[in-house]
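Single-letter residue listing:
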Amino acid sequence: MANVGNGYDSGSSGGKKVLMKRIFKYYLRYWHLIVISLLFLTGEAICELQLPSYMSGLLNDGVGSSDIGVIWSYGWKMILLSVAACICAVTVGFLSSIIGARVSRDLRFDVFSKVMNFAGEEYNKFSISSLITRSTNDITQIQMLTILFLRLIMFAPIMGIGGAIMAVKYSDGLTSLAWVIAAAIGLIVILLIIALTLVQPKFNKMQKQIDKVNQIAGDELNGMMVIRAFNTQSYEEKRFDTANRDLTSTSIFTSRLMSLMMPLMTVVMNGIMLAIVWIFANNIDNFGQIAKMIAFMQYALQVIMSFMMISMIFIVLPRAIVSIRRVSEVLTSPISIVDKEESQQPTGVRFKGDVKFQDVSYGYGDGACAIEDISFEAKSGQVTAIIGSTGSGKSTVVSLLPRLMDVRSGKITIDGVDIKDINLKDLRANIGFVPQKNTLFSGTVASNVGYGVDGITDEELQKAVEIAQAGDFVKNSAKGFDSEISQGGANVSGGQKQRLAIARALSKKAPIYVFDDSFSALDFKTDAKLRQALAEEMGDACVIIVAQRVGTIKNADNIVVLDDGKIAGIGKHEYLLKNCKTYLDIAKSQLSEEELGL
């Protein structure tokens, strides 16, 4: 999926071609089901087109001659045609539902796969709430369109053309009847154009409003504790109510307009029937012409109904077009972090773990650099610490190593190889990463600790949690490693969540470990035990620790001090106390001069 991006622009002709090709590709996967559907649709149409002819024959040959045998003959034929048409209709409905469900399944999977490769820039472009809406509501709209398209769009032209041909046959040479049907079709087309012109902008607005409602709901659910702590429930309720009312207002407008279409078309259809009866009434000479009139009315009704079927598609089409465009924007969005076509490293390689930053700079979006000219080494078998004030760029630096973001300039190497020349899967497999925001997934303790490691044993799980100082917590749990973890780890404390996240990284047995402020929720005693266990068990690994506390990193082999995105000093604890004012200020703010040996 990494090479899908091609700069899709929904407003350009090129973007529309890409969109149509993509939709056609999904349908092409199920061409055999579509062909079978077409065959049954044709069979249903033939049955439907024959019924008015048999009705005319029944009236003319049977009722007109009072021959009960002829009446029974036509009756059985009409029953068989009706049963056959019903079987065809049910089969087509069943197949169209299967195709629609499978197309939406494929779309959801492709969208999810594409989003899994997004970097931070792509997430910021779409927003999480919008991506959720596009993966659910928008794809549901496409599924509805797929089902209606197969059932109605393919069926309506067959019925419309066939009905028009048969209507001419039974028009008895009355050209005024053709003009009546043409006028009705023209009126329906005008109504459709007016409706589409009015609702298309509204549907586009509606999907954005759904995004907004989802965003506010997500913010409020994720920040519920903060909302309660600051007593802002009323404010959040008003904010949600405003977005909800805007969505409701737009939805009511479109629903009213769409609901108005069917009564108007019914009036047109009934007007056609009256006009046909009026014209025939002035030209009927015998009973046979009454039979022709009934047959013509039925065929005229089929022609009008075919356009009404198409109108039903146009009711769904405007919103579906917006949804197709929104989903296609995700699928065709360029991905900023991708593998090179030919990497310098073979797949499955395990590194020694020597990391080197060389004049690395990075900025979020098109803004100024958040970090600039960062150069340092983190060698295997050593602990390298990064410290600095809030906003100095510590997390940015370590996020560049597993290519969660890409450097703007400079380069990062592992064992002398530029990380851009390493396969992304191999790069990340060699790094045990604990992000600043600890995230647990719904499941069990075992599934979270062993996340991303195939075939991990109970002994390896136990060792990982012991090193992470989570052994007592797991043992004291009711079910041990089988204890349930709710979504986001909401049923465990901050410290427990942090230790489980550390254990998850340690279970990878990687040559490089990155701890991004991962000890902040631990008390000093647990912090010291964890650092001691890491030193004993991870002796050959390259360990990079981002920390706020000087006590956590003062024994590190190398300390990198950041100040406003730049390096203020590099060295050991004692050296920095004497030669780096920034580090000295941080240390004095946390420890006394006696504790610092000053």
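Described in the following lines is the structure provided in the data block. Note that the structure is predicted; figures quoted are calculated from it, not measured. (Residues numbered from 1 in each chain as written. Predicted model: local features only at pLDDT ≥ 70, side-chain atom pairs only at ≥ 80, totals over all residues. Heavy atoms only, no water.)

### Focus on the packing of aromatic side chains
This model, assessed by the stated rule, comprises eight aromatic pairs. Relative to Phe126, the ring of Phe118 has its centre 5.8 Å away and its plane inclined at 5 degrees; by these criteria the two rings are stacked. On the basis of relative accessibility, which here comes to 7%, the residue Phe118 falls in the buried class. Judged by its relative accessible area of 7%, Phe126 is buried. When the ring of Tyr362 is compared with that of Tyr364, the centres are 5.0 Å apart and the planes differ by 85 degrees; the resulting orientation is edge-to-face. Assessed through its relative accessible area of 5%, Tyr362 is described here as buried. An aromatic cluster of at least three residues, connected via ring pairs, comprises Tyr513, Phe515 and Phe519. Note that Lys77 overlies the ring of Tyr74, its terminal NZ or CZ placed 5.7 Å from the centroid. The residue whose ring lies beneath Arg549 is Phe524, and the NZ or CZ to ring-centre distance is 4.7 Å. (Phe/Tyr/Trp six-rings, centres within 6.5 Å; stacked < 30°, edge-to-face > 60°. Buried < 20%, exposed > 50% of the residue type's maximum accessible area, 1.4 Å probe, protein only. Lys NZ or Arg CZ within 6 Å of the ring centre and 35° of its normal.)

### Some points on the sheet that holds strand β9 (residues 512-516)
Pairing is mixed in the open sheet, where six strands are placed in the order β6-β9-β10-β3-β11-β12. Here the strands that pair on one side only, and so sit at the sheet edges, are β6 (431-434) and β12 (566-571). The sheet shows a mean angle of 15 degrees between the axes of neighbouring strands, direction not considered. Relative to strand β10 (residues 542-546), β9 runs parallel, the two sharing five bridges. Its bridge partner being in β10, Tyr513 is matched across the sheet by Val543. Here helix α16 (residues 494-506) sits on the sheet and contacts β6 and β9; the angle it forms with β6, its principal contact strand, is near 170 degrees. (Pairing = 2+ DSSP bridges. Helix = DSSP H or I, 4+ residues; strand = E, 2+ residues; numbered from the N terminus. Axes fitted to C-alpha atoms, helices over the stretch in contact; angles between N-to-C directions. Contact = heavy atoms within 4.5 Å.)

### Some details on the side chain of Lys394
One can find Lys394 in helix α11 (residues 394-400). Although Lys394 lies buried, it forms no salt bridge, and the closest oppositely charged side chain, Asp517, sits 6.8 Å away as judged by the N-O distance. Within polar-contact distance, the side chain of Lys394 engages the backbone oxygen of Gly388 at 3.2 Å. If we skip the residues at most four places from it in the chain, Lys394 touches Ile386, Ile387, Gly388, Ser389, Val546, Ala547, Gln548 and Leu562. (Lys, Arg positive; Asp, Glu negative; His and termini not counted. Salt bridge = Lys/Arg side-chain N within 4 Å of Asp/Glu carboxyl O. Polar contact = N/O pair within 3.5 Å; in protein donor to acceptor, adjacent residues only side chain to side chain.)

### Overview of the pattern of salt bridges
With the rule as written, the count across this model stands at 16 salt bridges. Residues Lys475 and Glu466 are paired through a salt bridge, measuring 3.6 Å at the closest nitrogen-oxygen approach. Classification of Glu466 as partly exposed rests on a relative accessible area of 35%. Across the pair Arg549 and Asp527 runs a salt bridge whose closest N-O atoms are separated by 2.7 Å. Linking Arg549 in the loop between β10 and α18 (550-553) with Asp527 in helix α17 (residues 524-537), this pair joins segments that are 22 residues apart in sequence. Assessed through its relative accessible area of 2%, Asp527 is described here as buried. Beyond isolated ion pairs, a larger network of salt bridges with shared partners links Arg29, Arg105, Asp106 and Asp110.

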